[in-house]
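Architecture and fold: a report
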Amino acid sequence: MRVLVTYAEAGAGHRIAAEALESAARNRAPKSSVECVNILDYTPRWYAWIYPTCYLALVRWTPFLWGIGFKLLDIKLVGFLFHPIRQWWNRVIARRFIRWLIYDPPDVVFVTHFFPADVVSQTKGRFKLRSNLVVVVTDVIPHRLWIADYANRMIVASDFSARVCKEQGVPESRIRIRGIPIYPKFADTVDSASMRLRLGLSEKRMVVLISGGGFGVGQFIPLTYALDTNETLLRAGLQLLVI
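Residues numbered from 1 in each chain as written. Predicted model: local features only at pLDDT ≥ 70, side-chain atom pairs only at ≥ 80, totals over all residues. Heavy atoms only, no water.

A few words now on the nonpolar core. Membership of the largest hydrophobic core comes to 37 residues, with the highest contact counts inside it found for F97, F115, V120, L133, V135 and M154. By residue number, the principal contributor to this core is helix 6 (residues 114–127), which donates five residues. For F115, the residues in contact, after removing those within four places along its chain, are A8, I39, L40, T43, Y47, Y51, N90, I93 and A94. If you look at the next biggest cluster of nonpolar residues, it comprises 11 residues, including A18, L21, A25 and V108. (Core = buried A, V, L, I, M, F, W, Y, C linked by side-chain atoms within 4.5 Å. Buried < 20%, exposed > 50% of the residue type's maximum accessible area, 1.4 Å probe, protein only. Helix = DSSP H or I, 4+ residues; strand = E, 2+ residues; numbered from the N terminus. Contact = heavy atoms within 4.5 Å.)

Further remarks concern the pattern of salt bridges. Pairs may arise between side chains of opposite charge once their charged atoms sit close together. Taken as a whole and judged by the stated rule, the model has seven salt bridges. Between R26 and E22 there is a salt bridge, and its shortest N-O distance comes to 3.0 Å. Note that R26 and E22 are positioned in helix 1 (residues 12–28) at a spacing of four residues, about one turn of the helix. Among the residues examined, E22 registers a relative accessible area of 18% and is labelled buried. In this structure, E231 engages R235 in a salt bridge whose closest nitrogen and oxygen atoms are separated by 3.9 Å. You can see E231 and its partner R235 sitting in helix 10 (residues 231–235), four residues apart, about one turn around the helix. Owing to a relative accessible area of 65%, R235 belongs among the exposed residues under this scheme. What you see here is one network of salt bridges that share partners, running through R2, E35 and D104. (Salt bridge = Lys/Arg side-chain N within 4 Å of Asp/Glu carboxyl O.)

Another point: the pairing of strand 4 (residues 132–136). The buried fraction of strand 4 amounts to four of the five residues, a majority that puts the element mostly inside the structure. Read as a crossover between parallel neighbours, the route from strand 3 (residues 108–111) over helix 6 to strand 4 is right-handed. Of the pairings in the sheet, the one linking strand 4 to strand 5 (residues 153–156) comprises three bridges and is parallel in character. Paired with V136 across the two strands is I155, which belongs to strand 5. (Right-handed = clockwise from strand over helix to strand, strands pointing away. Pairing = 2+ DSSP bridges.)

The sheet built from six strands is open, its strands ordered 2-1-3-4-5-6 with parallel pairing. In this open sheet, the two strands that pair with only one neighbour each are strand 2 (33–38) and strand 6 (175–177). Across the sheet, the axes of successive neighbouring strands diverge by a mean angle of 20°, strand direction being ignored. Sheet strands in contact with helix 5 (residues 95–103) are strand 1 (2–7) and strand 2, and its direction is about 170° off that of strand 1. Here helix 6 sits on the sheet and contacts strand 1, strand 3 and strand 4; the angle it forms with strand 4, its principal contact strand, is near 160°. (Axes fitted to C-alpha atoms, helices over the stretch in contact; angles between N-to-C directions.)

For the rest of this paragraph, the subject is a nonpolar patch on the surface. A surface patch of nonpolar side chains, about 850 Å² in accessible area, is lined by F64, L65, I68, L72, I75, L77, F80 and L81. Those elements that place two or more of their residues in the nonpolar patch are helix 3 (63–73) and helix 4 (76–93). Among the elements that line the nonpolar patch, the one with the most residues is helix 3, at four residues. Note that L65 resides in helix 3. (Patch = residues over 30% accessible without salt bridge, like charges linked within 9 Å, V, L, I, M, F, W, Y side chains within 5 Å. Areas by Shrake-Rupley, 256 points an atom, 1.4 Å probe, with all protein chains shown as cover.)

Attention shifts here to helix 6. For helix 6, with 14 residues, the first-to-last C-alpha span of 19 Å sits near the 20 Å given by 1.5 Å per residue. A large share of helix 6 lies buried, amounting to 12 of its 14 residues. Those residues of helix 6 not exposed but buried are F114, F115, P116, A117, D118, V119, V120, S121, Q122, T123, K124 and G125. Packed against the buried residues of helix 6 are strand 1, helix 2 (45–61), helix 4, helix 5, strand 3 and strand 4. K128 sits one or two residues past helix 6 and shows a positive phi near 60°. (Expected span 1.5 Å × (residues − 1).)

Next up, the structure:
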């Protein structure tokens, strides 16, 4: 069996989820061919640069614009009108990836981003690609852009995520609730006391973990500062771990 895992490098989360799936596939099917690729590597160089750059600029400097676009495109009528334009653009910009899929089709394609989800789905519909398409939604609330007409399975994080997909027209038979993929090593059991010792943490004080995305956007620094200067928390002996 040949397994392809693909993502778009727009934030670290989509790549990490794809790498976790790749690792799981290698462990579960050691005799299979497993490949993990960034679909942007198969687009023009200027697009591969501008795609994550524009996303980062929007969420870091103008999050309100990102929010407006996010909400607008999730409206059924707006999504319906925008969908043909988006599909045409994705076919044009990812034509090298589409040719590769047609020339050497894998048995199953896992996608962890809505861009390759649409591209692979279109390839199945327009060019009769026989690969099974599994869309692994890496957002807790699935946006309308995640919906792929020719997906064989939609893997979602929770019951709520599944309900949102059903409201957007995905047949219940295609939906599976499996959570968001993480590296297998996070399932390992560790000893809390020895880990605190290794990290230089007191065994008696409360530990709070602050974890942000790979780009570190949002109210990350203000949140850390607020916790680190709160007198009540300081008196309680708060310890921060910041990633």
